[in-house]
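Remarks on the overall topology
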Amino acid sequence: MKLKLIGSLLVLFIGFSVFADATVITIKKAAVEETAGSLSGTVTDKADGKPVIGATVSIPDLRTGSITDVNGKYVFNHVPKGVYLVQVSYLGYSTFNQKVDFSKTTVFNVQLQASRLEAGEVVITGVSKATEIKRSPVPMVAVGKAYLDQRAASGNIIDQIATLPGVSAVTTGPNVSKPFIHGLGYNRVITLQDGIRQEGQQWGDEHGIEVDQNSIDRVEVIKGPASLTYGSDAIGGVVNLITPAPVPEGKILGSVQGIYGTNQDLLNGSFRLQGNQNGLVWGTVLSAKEAKDYQNQHDGRVYATGYKEKDARVMVGLNKSWGYSYLHASLFDDEQDIPDGSRDSLRRFTKQVVEDGDAFRPTVSPSELNSYAIPTLHQHVQLYRIYNNSNFILGSGNLIVNLGYQYSHRREYTHPEYGDIAGLNLHLTTYTYDVKYNFNIGNDYETTFGVNGQYQNNTIGDATDFPIPAYHQFDIGPFFVIKKSYGKLDLSAGARYDVRSFKNNAAYVDTLGGPHGFPQLYTGSNPANAPNVVSQFDAFSKTFSGFSGSFGATYNVSDAFLIKGNVARGFRAPSIAEISANGPDPGSQIYHIGDKNFKPEFSLQEDIGTFLTLPDISASVEVFNNDISNYIFQQQELNPDGTPIITQGYNTFTYVQSKARIYGGEVTVDLHPLPWLHFENALSLTYGENKGNGGHVADSLKYLPFIPPLHTHSELRGAFNKGFGDFKNLYVFVGFDHYSAQNRFFAAYGTETATPGYNLLSAGFGGNIVNKAGQPVIKLFIEGTNLANVNYQSNMSRLKYFDNPTVPDGVRPGIFNMGRNISFKVVVPFGFNSSKKS
């Protein structure tokens, strides 16, 4: 299987390379290709005219950048003709953004204004061209590498952004997090990597996003129905994880980094190397991390929450005057423990060692709890990926082509006496395509026409549990987006039509025919008359389709104050689990039951926001309202006496549909009383209501599951960019997070319980040690989380419900979240100039 997979990857790798080369030749012949232009200039301080050394000058649409030298100078060679946004940024200065016509401008000097505010963020996700967030009507937020570096204590990339306003995560331990935006997650939020959608059975609870956090330099989040650009499953929003941009031409840059976390004895190492030789760009990131079981004061070490992860990625491409084309390949390999929360009478964790899990459960020894070893019961998740990002200058516009291949192999080993037999074994192959043309119509109407979608093939085989069937799926969605600026007013509108087709295969299970008497798939020709054979899945085909659209506006009342508004209709076709599930998922401790009669979800979301930016203060208020028809969620099934229905040893959950309303908002207030002092505050509030299907909705049913509580975040931060002596870009912060009690929960059938409120204290500091030339030789980031070592349970943690069926009186059931953790991140950068030819 591995040889076949590697062969397929090589074929696809070569195929994509040939495609990219052939396309380049075609485009170069079709385009009006003239002598490649260049852009150069000097970046200086507006106050004193001195050069700004180390400023980043980038052209986001062309995925290219440069760094100013000791004289503040920068240069770009081989830039295409046309109008592009140029961004110049440096710590302690306002980010400079301006559109530049490269056919008329070859020298572009910039004066940066010292500022206490961080403003001028530019995004490339879901827009025709690189756009300032403040000019986009769609609610968005973006963070860069500095923000991610300073969140070193997070165990994965989703946790690193989970405290952003409007963003949260459903977790199953420190390495498993699913992004939620405004109360929507799973198949309602699309996770992208470099614009390529992530596909890895994301309906499942017990595994996270298959991405190496060390390979991500930037995250852009769309909050709300973004299915206009990305299709079904983006009804809640989009998280775009962006890998490192190419380094400046003539440079070879790299780094070695290490992270140690005290709570789990986390060890996380990564190596990065990138180069750019006359527009031939390449790069690689190699990472590995492992952790023991995490710990808190209430539970001690929590058995079966350790993990081991290995990651690798390579990139090679061209960045020329005709555009760019990058080919990426990556591997994600994660072995993750599977917790179940079982305890003995003294509340010590026990483990399953025989097939009849309740017959004998010995106590887990201290040496096992303090070990990096992966236990017999664990999951193994692998994701192989090859994808191509290309942007060709064609006529007066840009042809963007994103093609991807992914192979997700997910196994859960759930048989303690037969550790080599997988309980769950899913193979998902996905081909994604995204083709769009950006151009201007008439008087600067920025326009995009495109089509994107995917083809999937899922197989089930050597396993004993079968929660979903083998199936084929095909998605296609044509769309258009138009944006126009009228002075202070920016308008954006668009529409899309999606079609998703499923074809499920019938499956029969021989309940006693597998090794050691385990169930296995029946492959004979006469299932109706074969002994011990039962029907697991029926064969059926189904097609879902729907229209989505949006209209929004941003009005800049002044340079300091603006108002945004957007109305969007979203569409989501049900996932394979929601329409076809009929089996246990051991890692989630759930027996899932779907419903093939489900209808697609449609949403209507309204967003409005106001934003104020003054020299010493910035503030924003954003509110949203989202009405969803045919909203799908899970509820637990109970016996008449109120006890859970157990199917094949697992609690039974069925998917149901209802009308729903989710509404809330975010408020931010950032004070900058001194040039170096920042006091940042944010409040997020989301309400989720089950509106039923007509008639009265019982109190236990009236709230939706997995809705985050009121969350406030305050952070007092000192930033000393010029530093002291050989110490530069110093920072120190103290953070305080308050999570209110969540008493608005889906109480019916014991699905959820109330969650008390809690407060968390964090702090961190770091900076760079530089050489005589001012270049960093060591970067240090230290962060402490839950410094007060509070015992708490998040309502977004699935481990809150992992325990014995009954617990002693006065004992709060479930597993608590991680206690105090202090992380140390050290980065050693290196680099040199390579010879280059013009």
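Residues numbered from 1 in each chain as written. Predicted model: local features only at pLDDT ≥ 70, side-chain atom pairs only at ≥ 80, totals over all residues. Heavy atoms only, no water.

1. Examining the overall build of the chain
In terms of helices and strands, the chain carries six helices and 46 strands. Computed over the C-alpha atoms, the radius of gyration of the chain is 27 Å, within 12% of the 28 Å expected from 2.2 N^0.38 for a compact globule of 838 residues. In terms of overall dimensions, the chain has a C-alpha envelope of 80 × 55 × 55 Å along the principal axes. Out of the 838 residues in the chain, the part that is buried amounts to 57%. For the chain, the proportion of contacts with a sequence separation of at least 24, taken over those separated by at least 6, is 67%. Accessible area for the chain stands at about 33100 Å²; split by element, carbon and sulfur atoms hold 59% of it. When the 69 positive and 76 negative side-chain charges of the chain are each reduced to one mean point, those points stand 7 Å apart. (Helix = DSSP H or I, 4+ residues; strand = E, 2+ residues; numbered from the N terminus. Rg over C-alpha atoms; globule rule 2.2 N^0.38 Å. Buried < 20%, exposed > 50% of the residue type's maximum accessible area, 1.4 Å probe, protein only. Contact = heavy atoms within 4.5 Å. Areas by Shrake-Rupley, 256 points an atom, 1.4 Å probe, with all protein chains shown as cover. Lys, Arg positive; Asp, Glu negative; His and termini not counted. Charge placed at Lys NZ, Arg CZ, Asp CG, Glu CD.)

2. Things to note about the sheet that holds strand E10 (residues 140–143)
Read across the open sheet, the five strands follow the order E10-E15-E16-E13-E14; overall the sheet is mixed. In this open sheet, the two strands that pair with only one neighbour each are E10 and strand E14 (196–197). Of the strand pairs in this sheet, E10 and strand E15 (residues 218–223) are connected by four bridges, and their pairing is antiparallel. Among the inter-strand pairings, valine 143 is bridged to a residue of E15, identified as valine 219. (Pairing = 2+ DSSP bridges.)

3. Re the sheet that holds strand E3 (residues 64–67)
With respect to topology, four strands assemble into an open sheet ordered E3-E2-E5-E6, the strand pairing being antiparallel. Where the open sheet ends on each side, the last strands, each with one partner, are E3 and strand E6 (96–101). Pairwise comparison of adjacent strand axes, ignoring direction, gives a mean angle of 20° for this sheet. As paired elements, strand E5 (residues 83–89) and E6 share six bridges and run antiparallel to each other. Looking at E6, one finds that valine 88 is bridged to phenylalanine 96. (Axes fitted to C-alpha atoms, helices over the stretch in contact; angles between N-to-C directions.)

4. Some details on the packing of aromatic side chains
Summed over all chains, the structure comprises 29 aromatic pairs. Here the aromatic residues Tyr437, Phe439, Phe449 and Phe480 are joined through ring pairs into a cluster of three or more. Lying over the aromatic face of tyrosine 147, arginine 151 brings its terminal NZ or CZ to 3.7 Å of the ring centre. In this structure, lysine 596 packs its charged tip against the face of phenylalanine 540, placed 5.5 Å from the ring centre. (Phe/Tyr/Trp six-rings, centres within 6.5 Å; stacked < 30°, edge-to-face > 60°. Lys NZ or Arg CZ within 6 Å of the ring centre and 35° of its normal.)

5. Things to note about the confidence of the model for the chain
On average, residues of the chain score 89 in pLDDT, and 94% of them reach the 70 mark or higher. Confidence over residues 1–35 falls short of pLDDT 50; this stretch has 39 contacts with residues more than four positions distant or in other chains. (pLDDT = per-residue confidence, 0-100.)

6. A word on unusual backbone geometry
For histidine 516, which is not glycine, the phi dihedral falls at a positive 60°. Structurally, the position occupied by histidine 516 is in the loop between strand E30 (507–510) and strand E31 (520–521). Look at asparagine 729: it is not a glycine, yet its phi comes out positive at around 50°.

7. Description of the environment of serine 550
Looking at the secondary structure, you find serine 550 in strand E33 (residues 540–556). On the basis of relative accessibility, which here comes to 16%, the residue serine 550 falls in the buried class. Along the sequence, serine 550 and threonine 429 sit 121 residues apart, while their C-alpha atoms lie 32 Å from each other. Each residue touching serine 550, except ones within four places of it in the same chain, is listed here: Leu228, Ser492, Ala493, Gly494, Asn566, Val567 and Ala568.

8. A closer look at a nonpolar patch on the surface
A contiguous nonpolar patch, built from Val256, Phe727, Val732, Phe765, Ile769, Val777, Ile778, Leu780, Val826, Val828 and Phe830 and spanning about 800 Å² of accessible area, is present on the exposed surface. Mapped onto the nonpolar patch, the elements with two or more residues apiece are strand E43 (727–739), strand E44 (758–770), strand E45 (776–785) and strand E46 (821–833). On the secondary structure map, valine 256 appears in strand E17 (residues 251–261). (Patch = residues over 30% accessible without salt bridge, like charges linked within 9 Å, V, L, I, M, F, W, Y side chains within 5 Å. Salt bridge = Lys/Arg side-chain N within 4 Å of Asp/Glu carboxyl O.)

9. Structural notes on the pattern of salt bridges
All chains considered together, the criterion is met by 33 salt bridges. Here arginine 197 ties to aspartate 233 by a salt bridge, and the two come within 2.9 Å at their closest N and O atoms. With a gap of 36 residues between them, arginine 197 in strand E14 and aspartate 233 in the loop between helix H4 (227–230) and strand E16 (237–242) connect regions that are remote in the sequence. Each member of the pair, arginine 197 together with aspartate 233, is buried.

10. Considering the environment of valine 316
Mapped onto the elements of the fold, valine 316 is located in strand E22 (residues 307–320). Overall, valine 316 belongs to the partly exposed group, its relative accessible area being 37%. Not counting residues within four places of it along the chain, the set of residues in contact with valine 316 comprises Leu280, Val281, Trp282, Ser325, Tyr326 and Leu327.

11. Observations regarding the side chain of serine 342
Of note, serine 342 is situated in the loop between strand E23 (323–337) and helix H5 (366–369). Look at serine 342 and you get buried, because its relative accessible area is 7%. Polar contacts involving the side chain of serine 342 include one to the side chain of threonine 350, which spans 2.8 Å. Setting aside chain neighbours within four positions, we find serine 342 in contact with Arg348, Phe349, Thr350, Arg361 and Asn804. (Polar contact = N/O pair within 3.5 Å; in protein donor to acceptor, adjacent residues only side chain to side chain.)

12. Observations regarding the environment of serine 342
The spatial distance from the C-alpha of serine 342 to the C-alpha of threonine 363 is 9.6 Å, given a sequence separation of 21 residues. At 2.9 Å, the side chain of serine 342 forms a polar contact with the side chain of arginine 361.

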